[in-house]
Amino acid sequence: MVFNSIPFVVFFVLFFFIYWVILGKSVKAQNILILLGSYVFYAWWDWRFLFFLIGSSVLNYFLGIGIYKSNNERYRTFLLGIGLFQGLGSLVFFKYFNFFINILIGFFGTLNIKPDIHTFDILLPLGISFYTFRTISYLLDIKRGQVKPTTDCVVFLSYVSFFPSLISGPIDKAKTLVPQLENKRVFNYSKAADNMRQILWGLFKKIVIADNCAVFTADVFNHYQTLPASSLLLGAFLFTIQVYTDFSGYSDIAIGVASLIGFNITRNFNYPFFAQNIADFWRRWHISLTSWFTDYLFNPLAIYFRDYGNTGIIISILLNFIIIGIWHGANWTFILFGFLHGCMFIPLILRGKLNTKKRQSENTLIPSAGMLLNMAATFILVMFVFVIFRSDSVSQAFDYYHRLFSPTLFSKPPIAEKVNMIVAVLAIILMFVAEWLQRNREHPLQIDFIKPFALRAAIYYGLVFLILTFSATKMADFVYLKF
Amino acid sequence: MKSKAAAFLFKITLFVLPVLIFFEVIFRLGFYPIMTTSTTYDMKMRQVRNQHIRNVKLLAIGSSVGLYGLNSSIIAHNLNSSYYNFASWGLQMADISDMLKDYADEYNPQYVMICSSFADFTMPKNESYNNYLNVNSHIRNNFPEVFYFKKYYSIHQIIRRKFKTYPVLLDEWGGSCVPTNAKGKNKVQFVLHNVFPTKYTGMNYNYLDTLSDFLQSGHIKLIFIQAPIRKDCAGTTAQQQVITTYFNQCKSIVEAHGGTYLNYYDNHVFADSLFIDQYHLKSAGSVVLTNEIVRDLKGIVK
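Since we're looking at a predicted model, the values are computed, not measured.

Rules used in this analysis
- Residues numbered from 1 in each chain as written.
- Chains lettered and ligands numbered in written order.
- Predicted model: local features only at pLDDT ≥ 70, side-chain atom pairs only at ≥ 80, totals over all residues.
- Helix = DSSP H or I, 4+ residues; strand = E, 2+ residues; numbered from the N terminus.
- Contact = placed C-beta atoms within 7 Å.
- Buried ≥ 20, exposed ≤ 12 C-beta atoms within 10 Å, placed from the backbone.
- Nonpolar A, V, L, I, M, F, W, Y, C, P; charged D, E, K, R; others polar.
- Axes fitted to C-alpha atoms, helices over the stretch in contact; angles between N-to-C directions.
- Parallel < 35°, antiparallel > 145°, perpendicular 65-115°, else oblique.
- Left-handed = near helix turned anticlockwise from the far one by under 90°.
- Pairing = 2+ DSSP bridges.
- Core = buried A, V, L, I, M, F, W, Y, C linked by C-beta atoms within 7 Å.
- Expected span 1.5 Å × (residues − 1).
- Domains from an automatic or database assignment.
- pLDDT = per-residue confidence, 0-100.

**Q** Help me out: how do you make sense of the overall build of chain A in this one?
**A** Tallying secondary structure elements over chain A gives 18 helices and zero strands in all. Dimensions along the principal axes, computed over C-alpha positions, put chain A at roughly 70 × 70 × 45 Å. Within chain A, counting contacts between residues at least 6 apart in sequence, those at least 24 apart form 74% of the total.

**Q** How should I be thinking about unusual backbone geometry in this particular structure?
**A** For residues other than glycine, phi is negative in most cases, and the peptide bonds are mostly trans. Even without glycine at this site, Asn112(A) takes up a positive phi of about 60°. Position of Asn112(A) relative to the elements: it lies in the loop between helix H4 (73-110) and helix H5 (128-143). Classification of Asn112(A) as exposed rests on a count of 6 C-beta atoms within 10 Å. Not every positive phi belongs to a glycine, and Asn108(B) is a case in point at roughly 45°. Turning to its location among the elements, Asn108(B) is positioned in the loop between helix H5 (93-107) and strand S3 (111-116).

**Q** Just to check I follow, could you spell out the interface of chain A and chain B for this structure?
**A** A common way to state how big an interface is: give the accessible area lost once the parts meet. Listed as interface residues are 19 residues of chain A and, on the opposing side, 16 residues of chain B. Sort the elements by how many residues they give to the side of chain A that touches chain B and helix H1 (residues 6-22) of chain A lands first, with five residues. Considering only residue class, the side of chain A that touches chain B consists of 15 nonpolar, four polar and no charged.

**Q** Explanation requested: the packing of helix H6 (residues 153-161) of chain A against helix H7 (residues 174-182) of chain A in the structure shown.
**A** When two helices pack together, you describe them by how their axes are tilted relative to each other and by the distance separating the axes. All names here are of chain A. Two elements in contact, H6 and H7, have axes whose closest approach is 10 Å; the angle formed by their N-to-C orientations is 130°. Classified by the angle their axes make, H6 and H7 are oblique. Here H6 runs over H7; the crossing is right-handed. Where H6 abuts H7, its residues Val155, Ser158 and Tyr159 lie against Ala174, Leu177, Val178, Leu181 and Glu182. Its residues assigned to classes, the contact of H6 with H7 comprises six nonpolar, one polar and one charged.

**Q** Explain the environment of Phe100(A) here, please?
**A** Here Phe100(A) lies in helix H4. Along the backbone, Phe100(A) and Asn331(A) are 231 residues apart, and their C-alpha atoms lie at a distance of 9.8 Å.

**Q** How should the sheet that holds strand S2 (residues 83-85) of chain B be read in this particular structure?
**A** As a general point, the strands of a sheet are linked pairwise by backbone hydrogen bonds and lie either parallel or antiparallel. All names here are of chain B. The strand order S2-S1-S3-S4-S5 describes an open sheet built from five strands, whose pairing is parallel. Edge strands, defined here as strands with exactly one partner in the open sheet, are S2 and strand S5 (260-263). Adjacent strand axes in the sheet meet at a mean angle of 15°, parallel and antiparallel pairs treated alike. Both strand S4 (residues 221-226) and S5 contribute to a ladder of four bridges, which runs parallel. Its bridge partner being in S5, Phe224 is matched across the sheet by Tyr261. In the packing of H5 onto the sheet, the strands contacted are strand S1 (58-62) and S3, and the crossing angle to S1 comes to about 160°.

**Q** It is not clear to me how the nonpolar core should be interpreted in this structure. Could you clarify?
**A** Where a protein is soluble and globular, its nonpolar side chains tend to be buried together. Tyr159(A), Val208(A) and Ile209(A) are the most contacted members of the largest nonpolar core, which has 123 residues in total. When residues in this core are grouped by element, the largest group, 17 residues, is from helix H9 (residues 229-260) of chain A. Beyond its immediate stretch of four places on either side in the chain, Ile209(A) contacts Ile241(A), Thr245(A), Ala424(A), Ala427(A), Ile428(A) and Met431(A). Within the second largest apolar cluster, 64 residues are counted, among which are Ala94(B), Met99(B), Ile114(B) and Trp173(B).

**Q** Is there a simple way to think about helix H3 (residues 50-69) of chain A in this case?
**A** Every α-helix winds through 3.6 residues per turn, so residues three or four apart in the chain are directed the same way. Residue and element names in this part refer to chain A. For H3, with 20 residues, the first-to-last C-alpha span of 29 Å sits near the 28 Å given by 1.5 Å per residue. Buried within H3 are the following residues: Leu53, Ser56, Ser57, Asn60, Tyr61, Leu63, Gly64 and Ile67. As for H3, its buried residues are in contact with helix H2 (27-46), H4, H5 and H6.

**Q** Help me understand the domain arrangement of chain A, please; the structure alone is not making it clear to me.
**A** Residues and elements named next belong to chain A. When the domains of chain A are assigned, the result is domain 1 (6-185) and domain 2 (190-276 + 358-482). The centre of domain 1, based on its C-alpha atoms, is set 29 Å off from the matching centre of domain 2. Listed as interface residues are 15 residues of domain 1 and, on the opposing side, 16 residues of domain 2. Elements that contribute at least two residues to the side of domain 1 that touches domain 2 include exactly H1 and H7.

**Q** What should I look at first to understand the packing of helix H12 (residues 309-328) of chain A against helix H13 (residues 332-343) of chain A in this one?
**A** Residue and element names in this part refer to chain A. Closest axis-to-axis distance for the H12/H13 pair is 7 Å, and the angle between their directions is 150°. Here H13 runs roughly antiparallel to H12, going by the angle between their axes. Crossing of H12 against H13: the hand is right-handed. For the pair H12 and H13, contact is made by Ile317, Leu318, Asn320, Phe321, Ile322, Ile324, Gly325, Ile326 and His328 and by Phe334, Ile335, Phe337, Gly338, Phe339, His341 and Gly342, respectively.

**Q** Hey, could you run me through the confidence of the model for chain B in this one?
**A** Low-pLDDT portions of the prediction should not be read for the details of their coordinates. Residues and elements named next belong to chain B. Scored by pLDDT, chain B comes out at a mean of 89, with 95% of its residues at no less than 70. Across chain B, element-level confidence peaks in helix H10 (residues 201-217) with a mean pLDDT of 96 and bottoms out in helix H7 (residues 137-142) with 89. Across the whole predicted complex the pTM is 0.87, and at the interface the ipTM reaches 0.80.

**Q** How do you make sense of the environment of Leu79(A) when you look at a structure like this?
**A** All names here are of chain A. Examined against the element boundaries, Leu79 turns out to sit in helix H4. Overall, the presence of 23 C-beta atoms within 10 Å leaves Leu79 in the buried class. Between the C-alpha atom of Leu79 and that of Val154, which follows or precedes it by 75 residues, the distance is 21 Å. Each residue touching Leu79, except ones within four places of it in the same chain, is listed here: Leu63, Gly66 and Ile67.

**Q** How do you make sense of the pairing of S3(B) when you look at a structure like this?
**A** Looking along a regular strand, one sees the side chains alternate between the two faces of the sheet. All names here are of chain B. Counting buried residues along S3, six of its six residues qualify, which places the element largely inside the surrounding structure. Residues Tyr111, Met113 and Cys115 point to one face of S3 and Val112, Ile114 and Ser116 to the other, with burial holding for every one of them. Bridge count for S1 against S3 is five bridges, and the pairing is parallel. Counted as the bridge partner of Ile61 is Ile114 from S3. As judged from the six bridges shared by S3 and S4, these two strands associate in the parallel manner. Paired with Ile114 across the bridge in S4 is Phe224.

As structure tokens, then:
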């Protein structure tokens, strides 16, 4: 069940009632409910992979305890190796097996050899990239001595399968979520009200903006060869907005839902389109994934290459981003997407500005020309690289770029669903204005400073009206569900 | 904590209440929920609900060929049995097969009459019908507002459907005539499926076989009406061959399961002037066809 569906609403209302009203006094009972609820939530998609999720969780639970209890370093490394092999191995099998086979077939093809190897129809277990990263970080943190393993099996299984962030993140580390599962949660009325506002904002972004953009972008990317360059430019722009509103909308809902049951999970987006450069962008975009890779890949690489100065940092960044690209899926497009993002860091590294955080003046109503220029430049770079992310193949992406720079760039793009397009554009403007004005808050609907209740209610109902009236003709799946 | 959480739930319910009331109001104002992608089908299901149609002895079904090809009053008055025409635009054998499994329980027919042409064997299954068929009949008959939320269609789409759809006026038995303008020309622009066979034809034959088998096992008599087609559809020898193969295929499937196969492909009886296009009959054409059917069914429908 997806967040924006009736089954989920029914599920969550029931869950909320049982969780707080019936089981409010017992943390253990609440955790059991979280675990059962998470498994129901997961099985709703495809029950067959539930057993894989349970098996993987149980194995990692015991590995965690084993690593912690053992004094033998080699044995600890061995146990960690089993966990990494299971986690990364299943990722490689389910996500990348056919990709590697195709590479192999292509390689032999260049040698005029036709090997008797074939690809398989492999179903990807939903959310595998997200929950596997949780188990891996758990084991690595225990091995590093940063966290103690939990001895409560229910707590650990709930951590791995925690339903608000099971399918598409945010990817919480054990040190964030496990202590919260072990301790008593308290219902906070005003926080819950704020969570509902965040969920409403997430729904607005997903249903009004992302889904309406998706109608147009699907058409553009499927028929780009017959469309004028102006359509391709608009397609690239709207796809960038689509990915952001879709994924950040999902994250807003996930964070809101988690918080409604008393959990603070990692913030995933921090207004990335106001970033002043690419490093700033990645500090604000898919934060939980970036910080995961920073902790477990970039930092060890940077230490390993520390004797090579800037070259070492560049190598570390490039490797880090290539792996981030591969994490998204088994396609050269994702590898190139990661590589190009890595390349965009090079000027910053060479100028020694990688970690320089440009402060946005907190209270200015209108950004300065310099800030605006930086934001626009970062956005344009990101937008062009997202063309590769969206394309089915690298050659398609290059063909798209080739057609993008043609005289038809200045023609009027044909638009089939005009009303939806107008609504999407107006909603995007509304979103940017609201996000800019509220950029120091966690989400733009934190509007407690508006004192008249009627005005606040009008804003909430206004958003509800937009959601109900202008959702797209076709509800698109959340983009990150396929990862 | 308990009371705070309960109070929170209560307040959220209060917040949502105006939204639910809003949907009830637009329902009463005639802005009905979109249940499937077929406007005619949704309209027909509303009529079934409003007329409280329950037991139908002779149940007709099919695409626009069956919707416009069968004259309801001739059938209802001459065959002396309860009758309703469930045909709607674009139904394929695959869709009909799914629907009959549902209708057999709900309407208890003794006879199922499929009035069909080759166009009903040309497209894939329309999955949107499941949005209606998968819902418990008690809910869909008594609480249709649920379809506003089951598969959400925006209010903008609901308004657009209400004001921008083809004019289909249903008679009390679910049948219809092609609406004509003052000059006697039809107002409806049909999307014709003239390419035959297609890659979906085999699949639709399989569904005809499945539904024939299903009806036979439920002791429901299948009557398959091969609707007439205009002369130019089978103008060449090659076309004639394709059409003959199609007729034979349908006949053999239907008769293998104890059904009755009636073919009205006769260019002498059905002159070109009785057609709107290749396979849709005008009002006068439907009268000619229905009289022929009624004459043939008198010994079959008892």
